[in-house]
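This is what each chain is made of:
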Amino acid sequence: MTSQKLSISNISYKNDENVRVLTAVLSKWFSNPKTLHFTSPSLKYPFNINHWISTLYKEDNIETYILKDENWIIGHLSVKIDENKNLAHLFNLFIDNKNRRKGYAKKLIRYIEKHIIADNNNIRALTLNCVKKNIPAITLYQSIGFQKLKEKKWIKMIKYIER
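Residues numbered from 1 in each chain as written. Predicted model: local features only at pLDDT ≥ 70, side-chain atom pairs only at ≥ 80, totals over all residues. Heavy atoms only, no water.

Brief notes about the overall build of the protein chain
Phase 1 of the analysis: Helices and strands together make up the secondary structure of the protein chain, namely 5 helices and 7 strands.
Phase 2 of the analysis: Shown N-terminal to C-terminal, the secondary structure of the protein chain runs as helices and strands in the order β-α-α-α-β-β-β-α-β-α-β-β.
Phase 3 of the analysis: Here the C-alpha radius of gyration of the protein chain, 15 Å, is about what a compact globule of 163 residues would show, namely 15 Å.
Phase 4 of the analysis: Overall size of the protein chain, expressed as C-alpha extent along the three principal axes, is 40 × 35 × 30 Å.
Phase 5 of the analysis: A total of 163 residues make up the protein chain; the buried ones form 44% of that total.
Phase 6 of the analysis: In the protein chain, the proportion of contacts linking residues at least 24 apart, taken out of those at least 6 apart, comes to 54%.
Phase 7 of the analysis: Approximately 9600 Å² of the protein chain is accessible, and the part contributed by carbon and sulfur atoms is 49%.
Phase 8 of the analysis: Counting 28 positive and 14 negative side-chain charges, the protein chain places the centres of these two groups 9 Å from one another. (Helix = DSSP H or I, 4+ residues; strand = E, 2+ residues; numbered from the N terminus. Rg over C-alpha atoms; globule rule 2.2 N^0.38 Å. Buried < 20%, exposed > 50% of the residue type's maximum accessible area, 1.4 Å probe, protein only. Contact = heavy atoms within 4.5 Å. Areas by Shrake-Rupley, 256 points an atom, 1.4 Å probe, with all protein chains shown as cover. Lys, Arg positive; Asp, Glu negative; His and termini not counted. Charge placed at Lys NZ, Arg CZ, Asp CG, Glu CD.)

Some remarks on the pairing of strand 7 (residues 154-160)
Look at any regular strand and the pattern is simple: side chains alternate between the two faces of the sheet.
Phase 1 of the analysis: Sheet topology note: the strand 5 (residues 125-131)/strand 7 ladder contains 7 bridges and is antiparallel. Note on strand 7: the bridge partner recorded for Asn-129 is Lys-156.
Phase 2 of the analysis: When strand 6 (residues 147-151) meets strand 7, the two strands line up antiparallel, connected through 4 bridges. Across the sheet, residue Glu-151 finds its bridge partner in strand 7, namely Ile-155.
Phase 3 of the analysis: Connecting strand 6 to the next strand, strand 7, in antiparallel fashion are 2 residues. (Pairing = 2+ DSSP bridges.)

What to know about the sheet that holds strand 3 (residues 72-82)
Phase 1 of the analysis: Strand order in the open sheet formed by 7 strands is 1-2-3-4-5-7-6, and the pairing between neighbours is mixed. Pairing within the sheet leaves two strands with one partner each, and these edge strands are strand 1 (6-11) and strand 6. The sheet shows a mean angle of 25° between the axes of neighbouring strands, direction not considered.
Phase 2 of the analysis: Where strand 1 and strand 2 (residues 62-69) come together, 6 bridges link them in antiparallel fashion. (Axes fitted to C-alpha atoms, helices over the stretch in contact; angles between N-to-C directions.)

Re helix 4 (residues 104-119)
Phase 1 of the analysis: Between the first and last C-alpha of helix 4 there are 22 Å, a value that for 16 residues agrees with the 22 Å anticipated at 1.5 Å per step.
Phase 2 of the analysis: Restricting attention to buried positions, one finds in helix 4 the residues Tyr-104, Ala-105, Leu-108, Ile-109, Ile-112, Glu-113, Ile-116 and Ile-117. (Expected span 1.5 Å × (residues − 1).)

Structure follows, in structure tokens:
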């Protein structure tokens, strides 16, 4: 598939049609337990959309964005805004296997930086967690300004926003 028309749009896990579409996409993406673990280590295989939503998307301060090539969803990223801590936490970033290493993860993160952060003047940093073994992701995050903050079962990374 060649990238003819890329677009990023906001979707909601509270919208039945969005959930129907995402169920098909995410079930395909997470058919491998290793892939599910790299994306969300707290979830158990096999992937279950209801558990995904009830575990990760129960709060109202979460927005999710999808990256499409034509009409095909090829990327997913969610962000949780924590105004009390002046943070935006990125999570569940995933790019379809066939579309990796094309700069699409960076494109989604840059979109969040530009749009979400611009709409929330109090946000001072972006955070994310990454599985220690996911070296390509860690390398990507560091290349766009994220720094390791702490290491436990995963690596917590932060990028301070310059205003």
